Amino acid sequence: MTLWHGRLSGGTADVVMDYSVSLHFDRRLAHDDLRGSRAHVRGLGRGGLLSDEEVAVLLATLDRVEAELDDGTFVFEPDDEDIHTSVERRVTELAGDVGAKLHTGRSRNDQIATDLRLYAKRELAAVAGRVLDLQDVLVIRSKEAGDTYLPGYTHLQRAQPVLLAHHLLAHGWALARDVDRLVATVARLDVSPLGAGALAGSSLPLDPDGTGADLGFAGRFENSLDAVSDRDFVAEALFDLALLGVHLSRIGEELVLWSTEEFGFAVLDDAFATGSSMLPQKKNPDVAELARGKSGRLIGNLTGLLVTLKGLPLAYNRDLQEDKEPLFDSVDQSKLALAALSGLLATVTFVTERMEGAANGSSVAAVDLAEWLVEQGMPFRQAHSVVGGLVRDSLERHVPLAELVEAHPALGSDAVALLEPGVAVTRRTTPGSAGPEAVAVQFERFAHRLEADRIRVSALS
Ligand code: ARG
């Protein structure tokens, strides 16, 4: 029996139920739904709508339903449209007339909005925790990397040498912004919609402030229409996760490149690599590729929801049921991606000789030659042109750059020293730059930030 059979005559066409049922995905909100119901029951008690005894009976019944759900004895019925229906039906079966009072002053519209906010609060905090775990891995690998350097690239062309730690921490800072966004999203969604009813509140003495506080929300809705129709928090969560996914895809793409024979900068641990069903020699970076590929569906989940929300009139519309699957999917996929990439990065071997070898070509120190000339008083544009000419000459005439530098009247042997392997990277000394001293400072700042973020994230739950 549906919750709303009183108004309609006869049965609902089977296809309507098939089409509209959401139980198969919203049942994962069962615990949040029970939490919401307990707070609602206590609120009804405070308003005098339930006696103390009725409150006690309903709370005990809700506990029993929860136990049945936990131990797998809960039986879902074919007419259960959604998790709210299942729980209320079972409460009524167990508690009889008192059960029929559970939904007093409440609608599934404020109920689902409440459930989903509880879920989002908890799960976004869990995702943020996993981002922090990945950042921890980057910290460990950065520390281990010591003074190892590799080419930094622009346009995927070798540009200037950078410390490996600097490169790894670059990803770490992007992830720090993800944590920031998740924390801010949780702060904004921390508003209880319970008590908004179907759309307009109630004539009964409900207690939205009290139920909101009971559920641990920072406050309650200001406008009942907004409370039941607002899914900004889902869109924000999906954006946060989509951008996190984009960051993970960029890390994934680099690991794909680095583990090619052509680059040879990284060797994946066998536990985080896959083989080929046909080619016996293959060791494939599937985890990194999936981090790259799955970012597509995270973006799809966001765009799908925005299109669903666009143009919806106030207040609740059934379209809003389409909010849950993308949110669940993005949360699940982000958690998996973070765990898999953390494992991959924790176990990958960096081939430091290959990295440094690739960064030791003399032309990656070209800008150091130009800056050396600037120190001697030459305007930068002129210095750029002098060095550019030498690089061109060296390539065209197949003469080592060092020889040409040595012979050049404005450069000479002091300047040649800049071309020695490992020298250029030590000359990146400005704040936030890629050289050892600046990176040591950056490392401390990053570690500090990470520690502070751990505290912020654990305060969310
Ligand atoms: N399953 C519904 C959803 O997820 C619950 C709310 C149903 N409300 C309604 N008026 N039919 O949105």
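Below: a short report on this structure. Small disclaimer: the values here were computed from a predicted structure and weren't measured.

Conventions we followed
- Residues numbered from 1 in each chain as written.
- Predicted model: local features only at pLDDT ≥ 70, side-chain atom pairs only at ≥ 80, totals over all residues.
- Heavy atoms only, no water.
- Helix = DSSP H or I, 4+ residues; strand = E, 2+ residues; numbered from the N terminus.
- Rg over C-alpha atoms; globule rule 2.2 N^0.38 Å.
- Contact = heavy atoms within 4.5 Å.
- Areas by Shrake-Rupley, 256 points an atom, 1.4 Å probe, with all protein chains shown as cover.
- Near = heavy atom within 4 Å.
- Polar contact = N/O pair within 3.5 Å; in protein donor to acceptor, adjacent residues only side chain to side chain.
- Nonpolar A, V, L, I, M, F, W, Y, C, P; charged D, E, K, R; others polar.
- Axes fitted to C-alpha atoms, helices over the stretch in contact; angles between N-to-C directions.
- Parallel < 35°, antiparallel > 145°, perpendicular 65-115°, else oblique.
- Left-handed = near helix turned anticlockwise from the far one by under 90°.
- Core = buried A, V, L, I, M, F, W, Y, C linked by side-chain atoms within 4.5 Å.
- Buried < 20%, exposed > 50% of the residue type's maximum accessible area, 1.4 Å probe, protein only.
- Salt bridge = Lys/Arg side-chain N within 4 Å of Asp/Glu carboxyl O.
- 1 Å grid on protein atoms, 1.4 Å probe; cavity = no way out; pocket = protein on both sides within 12 Å on 5 of 7 lines; lining within 4 Å.
- Points joined across faces, edges and corners; volume = space filled by probe spheres on them.
- Pairing = 2+ DSSP bridges.
- Patch = residues over 30% accessible without salt bridge, like charges linked within 9 Å, V, L, I, M, F, W, Y side chains within 5 Å.

## Digging into the overall build of the chain
Reasoning step 1: The secondary structure content of the chain amounts to 19 helices and 6 strands.
Reasoning step 2: Its C-alpha radius of gyration of 30 Å places the chain more than 25% over the 23 Å reference for a compact globule of 461 residues.
Reasoning step 3: For the chain, the share of sequence-separated contacts (at least 6 apart) that also reach a separation of at least 24 residues comes to 77%.
Reasoning step 4: Here the chain displays about 21,800 Å² of accessible surface, and carbon together with sulfur accounts for 55% of that area.

## Notes on the site of the ligand
Reasoning step 1: For the ligand, the full set of nearby residues is Ser22, Asp26, Asp82, His84, Arg108, Asn109, Ile112, Tyr316, Arg318, Gln321 and Lys324.
Reasoning step 2: For the ligand, a nitrogen atom lies 2.9 Å from a polar atom in the side chain of Asn109.
Reasoning step 3: For the ligand, the protein covers 86% of the area, taking 350 Å² as the surface of the free molecule.
Reasoning step 4: Top element by residues in the shell around the ligand is helix 6 (residues 108-145). It accounts for 3 residues.
Reasoning step 5: Here the residues of the shell around the ligand are counted per class, giving 2 nonpolar, 4 polar and 5 charged.

## Examining the packing of helix 4 (residues 52-71) against helix 5 (residues 83-95)
Reasoning step 1: Packing of helix 4 against helix 5 leaves a shortest axis separation of 10 Å and a crossing angle of 120°. With respect to helix 5, the element helix 4 is oriented oblique. In the packing of helix 4 onto helix 5, the handedness of the crossing is right-handed. Where helix 4 abuts helix 5, its residues Val57, Leu58, Thr61, Leu62, Arg64, Val65 and Glu68 lie against Val87, Arg90, Val91, Leu94 and Ala95.
Reasoning step 2: The class makeup of the residues in the contact of helix 4 with helix 5 is 8 nonpolar, 1 polar and 3 charged.

## Here's the deal with the nonpolar core
Reasoning step 1: Judged by nonpolar contacts, the single largest core of 69 residues is most densely connected at Leu248 and Trp258.
Reasoning step 2: For this core, the secondary structure elements donating two or more residues are helix 6, helix 7 (164-189), helix 10 (232-258), helix 11 (286-309), helix 12 (324-347), helix 13 (352-359) and helix 19 (436-458).
Reasoning step 3: Residues within four places of Trp258 in sequence aside, it is in contact with Leu150, Leu164, His167, Phe263, Gly264, Phe265, Ala266, Phe350 and Met355.
Reasoning step 4: By size, the runner-up hydrophobic cluster in this structure holds 21 residues, among which are Leu369, Leu373, Met378 and Val386.

## Quick word on helix 14 (residues 366-375)
Reasoning step 1: Restricting attention to buried positions, one finds in helix 14 the residues Ala366, Asp368, Leu369, Ala370, Trp372 and Leu373.
Reasoning step 2: The secondary structure elements touched by the buried residues of helix 14 are helix 15 (380-397), helix 16 (401-407), helix 17 (413-416) and helix 18 (423-426).
Reasoning step 3: Downstream of helix 14 by a residue or two, Gly377 has a phi angle that is positive, lying close to 105°.

## Observations regarding the pattern of salt bridges
Reasoning step 1: Applying the stated criterion across every chain, the model contains 38 salt bridges.
Reasoning step 2: With a shortest N-O distance of 2.9 Å, Arg28 and Asp332 are connected by a salt bridge. Remark: Asp332 occurs in helix 12 and Arg28 occurs in the loop between helix 2 (23-26) and helix 3 (30-46); sequence separation between them is 304 residues.
Reasoning step 3: Lys101 is the partner of Glu54 in a salt bridge, and the nearest nitrogen-oxygen pair spans 2.7 Å. With Glu54 in helix 4 and Lys101 in the loop between helix 5 and helix 6, this residue pair connects regions lying 47 residues apart in the sequence.
Reasoning step 4: Among the ionic contacts, a cluster of salt bridges with common partners joins Arg64, Glu68, Asp80, Arg89, Arg90 and Glu93.

## A look at unusual backbone geometry
Reasoning step 1: Following Leu314, the chain continues to Ala315 via a peptide bond in cis, the omega torsion being -5°.
Reasoning step 2: Phi angles above zero are rare outside glycine, and His155 is one such case at about 55°.
Reasoning step 3: By secondary structure assignment, the location of His155 is in the loop between strand 1 (149-154) and strand 2 (157-163).

## A word on the packing of helix 11 against helix 12
Reasoning step 1: For the pair helix 11 and helix 12, interaxial distance at closest approach is 10 Å and the crossing angle is 160°. When the axes of helix 11 and helix 12 are compared, the pair comes out roughly antiparallel. For the crossing formed where helix 11 meets helix 12, the hand is left-handed. Of helix 12, the residues touching helix 11 (which contributes Val287, Ala288, Ala291, Lys294, Arg297, Leu298 and Asn301) are Pro326, Asp329, Ser330, Gln333, Ser334, Ala340, Leu341 and Leu344.
Reasoning step 2: A breakdown of the residues in the contact of helix 11 with helix 12 according to their chemical character gives 8 nonpolar, 4 polar and 3 charged.

## Observations concerning the side chain of Asp230
Reasoning step 1: Mapped onto the elements of the fold, Asp230 is located in the loop between helix 9 (224-229) and helix 10.
Reasoning step 2: Taking the relative accessible area as the measure of exposure, Asp230 reaches 14% and is therefore buried.

## Some words on the layout of surface pockets
Rolled over the atoms, a probe with the dimensions of a water molecule shows which regions are left empty.
Reasoning step 1: Approximately 560 Å³ is the volume found for the largest pocket.
Reasoning step 2: Counting only elements with at least two residues in the lining of the largest pocket, the list comes to strand 1, strand 2, helix 7 and helix 10.
Reasoning step 3: Considering every element that reaches the lining of the largest pocket, the biggest residue donor is helix 10, with 7 residues.
Reasoning step 4: One number sums up the size of the second largest pocket: a volume of about 290 Å³.

## Considerations on the pairing of strand 1
Reasoning step 1: Sheet topology places strand 1 next to strand 2; 6 bridges connect them, and they run antiparallel. Pairing of Gly152 across the sheet is with Gln160, part of strand 2.
Reasoning step 2: Here strand 1 folds back onto strand 2, and the loop between the two strands holds 2 residues, one of which, His155, carries a positive phi near 55°.

## What to know about the environment of Ala126
Reasoning step 1: Here Ala126 lies in helix 6.
Reasoning step 2: Expressed as a C-alpha distance, the spacing of Ala126 and Leu182, which sit 56 residues apart in the sequence, is 10.0 Å.

## Brief notes about a nonpolar patch on the surface
Reasoning step 1: A contiguous nonpolar surface patch, about 270 Å² in accessible area, is contributed by Leu199, Leu225 and Leu314.
Reasoning step 2: Structurally, the position occupied by Leu314 is in the loop between helix 11 and helix 12.

## Quick word on the environment of Asp368
Reasoning step 1: Looking at the element boundaries, Asp368 is found in helix 14.
Reasoning step 2: The spacing of Asp368 and Gly300 is 68 residues in sequence and 45 Å in space, taken between C-alpha atoms.
Reasoning step 3: Side chain to side chain, Asp368 and Arg428 meet in a polar contact 2.9 Å long.

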